[in-house]
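Residues per chain are reported as follows:
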Amino acid sequence: MKRSSSQVGRKLLLVCLAAVVGGAVAAFLPRPSLAQQAQRQGELSEIPSSAVGVMVVHPRRILTAPESELMPIEVISAVCEKELGFDPVQLSQMTASIVLPQQEGAGPASEPPRVLLALRFSAPQDPEKLFAEARMNMEKEDLAGKPFYVEKYRQEWGIYMADPQSVLLGHPALIREVVKRTGDVPSGPVIQMLQEMQPLSDFVAVVHLEPLAQMVPEPMLQMMLPPPLSAASEIPPLVSSLRVQANFTGDSRCRVMIFAKDASAAEKLEHILEQLLRNAKQMMIERLENEAAMDQDDVVSPAMARYIARVGNRIIAEIMPQRKDNALAWEFSTEGRPGLALAGTMVGLLLPAVQSAREAARRAQSMNNLKQLALALHNYHDMHRHFPPQAITDKNGKPLLSWRVALLPYLECNTLYEQFHLDEPWDSPHNSALIEQMPEVFRNPSAPRIPGIAHYLGVVGKGAFFEEGKTRKFADIRDGTSNTIMLVEVDPDRGVIWTKPEDLPFNPDNPLDGLGHAHPGGFNAAFVDGSVRFISANVDPEVFRRLITIADGEVVDPDRY
């Protein structure tokens, strides 16, 4: 119930973003001679004085332009009318403002930023249809004689019907501030920037960066960045503001400007940006080469690596900004064939980014799989007062089935568990028929899909969590539960049939055998405390050996893996 009102802003932003992207696509296409645009005055009175960022979009101007003829306008209109109660073709302007919460001292704020959306329509709208679903979960109030709807519980979103052609949507406190304000256009850094940019383009965004820089200290930013991109942590103290303006109709141009504190800061910023671009290029090539090494059938990754290596320096030179005084500027024109070439280049660069995003999602899913298995092992221990042995055995101690089968009741797989004949080996005619019913929780989503192959194994050997003929209890983990590994994610070619009592043999002389290639850069491991951590493929073998043994008395610093 509460979720629907909070989704309104996101839905609206997505629709307007679709309009902007569609206009950009249309701008790359051949078109007739350009008509001059009329001077348009942006609406600034509905921007809070304390805003640190503002975005202004003109959906109607974009959607009704000849350049947008190929856009699925009918689809966009149908979705908006159903979900939000208005046709975006009638949305003349949307202004989105971001305000940071009040805070004391430096460091991240405890509350999220507040948002205010101001919508202006070209024709009167039906007040009964506008955001009707969201308003069902809101309390109606009166504000300056007009209907004002506020969330019943969290009170983080409100809707104010200013008049038949104007709506305010966002945090109730910001709506009240704007409605009760009287007089001229308010002052403030972002408002001053917008005034200097009149007449406003189809899309405009301005950000006052100094307050944002104060929120994230440089040491904290360094911790969040991979080493090749750590130089980015030096950027916030150098910059003061960001301005973006783009036209997707008429004279189609895009201009991005970053203003530094002074000319010296601008020169340093230019050097950092070039360094970051070159490091990012090398990171991308290495990632693609790693992905290609994992999958011999992958022809896209090595081809993309060669493409980036071939044109990377030229692309960096093309996208480096022009520096003048304290400003760095990028300006793009989509006129004629260069626009099409730029579009092709951007698509080429986005492909590895999409692949990287997919791998990041698969890695996150794999971590979740291991967390589920660790929780199931804990629940098994709660029930039996010990962890499962490495194998289900017969009365003579002969291994029959894997610990993974014993774990099924704790993974909500009772029906499958009850189908096994626990007194028969994994490859008996009856049990072998169940191999293809392996639960997905045992499969690494980054590995090639082979029916019945599991990639989460125990390390079996003397002194390890799994040791032949023994069961472990929490009390046995003398090195500490956060310092001992239960399960590892093996290389794709080291997977085993999930029901077979087979895992990864512990080789003290080569403890990383079969590990390090589950994902680019390393593999996941589940520790006895239930946590899951990513282990670098370059981890010191001696450090990893200590993580495998349960009682060698050697505690390992997490920074070492």
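In the block above lies the structure referred to throughout.
Residues numbered from 1 in each chain as written. Predicted model: local features only at pLDDT ≥ 70, side-chain atom pairs only at ≥ 80, totals over all residues. Heavy atoms only, no water.

Applying the stated criterion across every chain yields a total of 18 salt bridges. Here Arg120 and Glu46 are joined by a salt bridge, their closest N and O atoms 2.9 Å apart. Of this pair, Arg120 sits in strand β3 (residues 114-121) while Glu46 sits in the loop between α1 (2-27) and β1 (53-57), and the two are 74 residues apart along the sequence. In this structure Arg120 comes out as partly exposed when scored by relative accessible area, which is 26%. (Salt bridge = Lys/Arg side-chain N within 4 Å of Asp/Glu carboxyl O. Helix = DSSP H or I, 4+ residues; strand = E, 2+ residues; numbered from the N terminus. Buried < 20%, exposed > 50% of the residue type's maximum accessible area, 1.4 Å probe, protein only.)

A word on the pairing of strand β21 (residues 532-536). Examined bridge by bridge, strand β20 (residues 522-527) and β21 share five bridges and lie antiparallel to one another. Along β21, the bridge assignment pairs Gly522 with Ser536. Turn length for the β20-β21 hairpin, with the two strands adjacent in sequence and antiparallel, is four residues, and the turn residue Gly530 shows positive phi of about 95 degrees. (Pairing = 2+ DSSP bridges.)

The five strands are arranged β19-β16-β17-β20-β21 in an open sheet whose pairing can be described as mixed. Edge positions in the sheet fall to β19 (504-505) and β21, since each of these pairs with one other strand and no more. Where strand β16 (residues 456-460) meets strand β17 (residues 485-489), three bridges bridge the pair, whose relative direction is antiparallel. Bridged to Gly458 within β17 is Leu487. Packed onto the sheet, helix α15 (residues 541-548) meets β16, β17, β20 and β21 and runs at close to 125 degrees relative to β17. (Contact = heavy atoms within 4.5 Å. Axes fitted to C-alpha atoms, helices over the stretch in contact; angles between N-to-C directions.)

Attention now moves to helix α6 (residues 189-196). The α-helix advances 3.6 residues per turn, and as a result positions three or four apart in sequence lie on the same side. Among the residues of α6, those classed as buried are Val190, Ile191, Met193 and Leu194. Viewed along the axis of α6, the buried residues span an arc of 160 degrees, placing them on a single side of the element. As for α6, its buried residues are in contact with β1, β8 (203-208) and β9 (239-246). (Arc of directions from axis to C-beta.)

To continue, consider the packing of aromatic side chains. Here the structure, examined in full by the defined rule, presents eleven aromatic pairs. Each ring, one from Phe86 and one from Phe121, has its centre 5.2 Å from the other, and the planes form 70 degrees; the classification is edge-to-face. Taken together, the positions of Phe86 in the loop between α3 (73-83) and β2 (91-99) and Phe121 in strand β3 put the pair 35 residues apart, joining distant regions of the chain. An identical accessibility class is assigned to Phe86 and Phe121; each is buried. Between Phe420 and Trp498, the aromatic rings sit 5.8 Å apart at their centres with planes inclined by 85 degrees, giving edge-to-face as the arrangement. Pair noted here: Phe420 is in the loop between α13 (414-419) and α14 (429-432) and Trp498 is in the loop between β18 (496-497) and β19, with a separation of 78 residues, a long-range link. In terms of burial, Phe420 and Trp498 fall into one category: buried. Following the ring pairs from residue to residue traces out a cluster consisting of Phe387, Trp403, Phe465, Phe466 and Phe474. When the ring centre of Phe534 is taken as reference, the NZ or CZ atom of Arg363 above it lies at 3.6 Å. For Arg533, the ring lying beneath its charged end belongs to Phe527, and the centroid distance is 3.7 Å. (Phe/Tyr/Trp six-rings, centres within 6.5 Å; stacked < 30°, edge-to-face > 60°. Lys NZ or Arg CZ within 6 Å of the ring centre and 35° of its normal.)

Spatial relationships are all this shows, so hold off on functional conclusions.
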